[in-house]
Amino acid sequence: MAVSKVHPASAVAEAWAAGARDFGENYVQEWQRKAEDPALLARSGLRWSFIGHLQRNKVRHLLGRVDLIETVDSTRLAREISRRGASRGGSFAQKILLQVNLAGEEGKGGFHPDALRSAMSELTALPGVDVRGLMHIPPARRNPSETRVDHRALRTLRDGLEAAYPVGLPVLSMGMSSDFEVAIEEGATRVRVGTAVFGARPR
Ligand SMILES: *Cc1c(COP(=O)(O)O)cnc(C)c1O
């Protein structure tokens, strides 16, 4: 997935023309502007995912308009997506990933593994929501190859959850520009690559 935050719609159009189809955005308003840009509306197969911190009062803007909300970091947020998703009726289900904070870092979103295990039964039973897997942003490491242990730990957590609950979690979103190769070696099914696709983000 190409992470297009801060980059203009024209950059997304250029990446689409080169074959990219999945784009990740971090800010709801910025994404709305881009998604409605005439330069992007007619691009077939273009899918958006949300990868920023999401407040509950912004859920309604994303629901059904993004392929995947990757950053569901609390049961309260999942419940809000469920409430709104279920009220659409039919077979609608918003695809989500559960964000995990393996190292318990302060100021970084995500379920602690123990909290996730406790919440798993409720999360996977929520109507209007389709839990597809896990995502994480590992602690900053001096050398990208040091993130291998972090990615391996996320995959191990996923394997444990699949063994303990009647749930499939096929998606593992892990790895960014500096460490996506290592993440893929450890089982990533999605990598979130910004800088390596678009160049440095303008300040
Ligand atoms: C910005 C961002 C990325 C992309 O980071 P790069 O290092 O530019 O590849 C990936 N994931 C998340 C959650 C981001 O916010």
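These numbers come from a predicted model, not from an experiment.

Calculation rules
Along each chain, residues carry numbers from 1 onward, in the same order as the chain's sequence is written. In keeping with the predicted nature of the model, local features appear solely for residues at pLDDT of at least 70, side-chain atom pairs appear and are counted solely at 80 or more, and the whole-chain, interface and lining totals rest on all residues. Heavy atoms from the whole structure form the basis of all side-chain values; hydrogens and water molecules are not counted. Points on a 1 Å grid over protein atoms alone make up a cavity when a 1.4 Å probe fits among them but cannot get out, and a pocket when they form an open set with protein on both sides within 12 Å along at least five of seven lines; lining residues each have an atom within 4 Å of a point. Grid points are joined across faces, edges and corners, and a volume is the space filled by probe spheres set on the points. Here the nonpolar group is Ala, Val, Leu, Ile, Met, Phe, Trp, Tyr, Cys and Pro; Asp, Glu, Lys and Arg are the charged ones; every other residue, Gly included, is treated as polar. For Phe, Tyr and Trp, where Trp contributes only its six-membered ring, two rings pair if their centres lie within 6.5 Å, and the inter-plane angle classes them as stacked under 30 degrees, edge-to-face over 60, or tilted in between. Where helices and strands are cited, they refer to DSSP runs of H or I of at least four residues and of E of at least two residues respectively, numbered from the N terminus. Burial classification: accessible surface area is computed with a 1.4 Å probe over protein chains only, and a residue below 20% of its type maximum counts as buried, one above 50% as exposed, and the rest as partly exposed. A ring is scored as having a charge over it whenever the NZ atom of a lysine or the CZ atom of an arginine sits within 6 Å of its centre and within 35 degrees of its normal. When DSSP finds two or more bridges between a pair of strands, those strands are recorded as paired. Handedness is read with the strands pointing away from the viewer; a crossover is right-handed when the path from the first strand over the helix to the second is clockwise.

*Asks:* Looking at this model, I keep getting lost on empty space enclosed by the protein. Mind explaining?
*Replies:* Over the atoms a probe the size of a water molecule is rolled, and this reveals where empty space is left. In the structure shown here, the tally under the stated rule is one cavity of 30 Å³ or more. The volume enclosed by the largest cavity comes to roughly 40 Å³. Every residue lining the largest cavity is listed: Val100, Asn101, Leu102, Ala103, Glu105, Lys108, His136, Ile137, Pro138 and Pro139. Of the residues assigned to the lining of the largest cavity, the class counts are six nonpolar, two polar and two charged.

*Asks:* What am I meant to see in the layout of surface pockets here?
*Replies:* For the largest pocket, the calculated volume is near 530 Å³. Lining the largest pocket are 27 residues; nearest its centre among them are Lys5, Ile137, Pro138, Met176 and Arg192. When grouped by side-chain class, the residues that make up the lining of the largest pocket number eight nonpolar, 11 polar and eight charged.

*Asks:* When you look at the packing of aromatic side chains in this model, what are you seeing that I'm missing?
*Replies:* Working definition: an aromatic ring pair is given by the centre-to-centre distance plus the angle between the planes. Under the counting rule described, the total for this entry stands at one aromatic pair. Here Phe23 and Trp48 contribute two aromatic rings whose centre-to-centre distance is 6.0 Å and whose plane-to-plane angle is 50°, an arrangement assigned as tilted. Pair noted here: Phe23 is in strand β2 (residues 22-25) and Trp48 is in strand β3 (residues 47-50), with a separation of 25 residues, a long-range link. For the residue pair Phe23 and Trp48, the accessibility class agrees, reading buried in each case. The cationic tip of Arg88 hangs over the ring face of Phe92; the distance from NZ or CZ to the ring centre is 4.7 Å.

*Asks:* Which parts of the structure should I look at to understand the pairing of strand β6 (residues 129-136)?
*Replies:* For a regular strand, side chains alternate in direction, first toward one face of the sheet and then toward the other. Burial within β6 is extensive, with six of its eight residues counted as buried. Sheet topology places strand β5 (residues 94-100) next to β6; seven bridges connect them, and they run parallel. What sits directly across from Gln99, in β6, is Met135. Handedness of the β-α-β unit built from β5, helix α6 (residues 113-125) and β6 comes out right-handed. Sheet analysis places β6 next to strand β7 (residues 171-173), joined by three bridges and oriented parallel. Considered in β7, the bridge of Gly133 is made with Val171. Read from β6 through helix α7 (residues 148-164) to β7, the crossover connection turns out right-handed.

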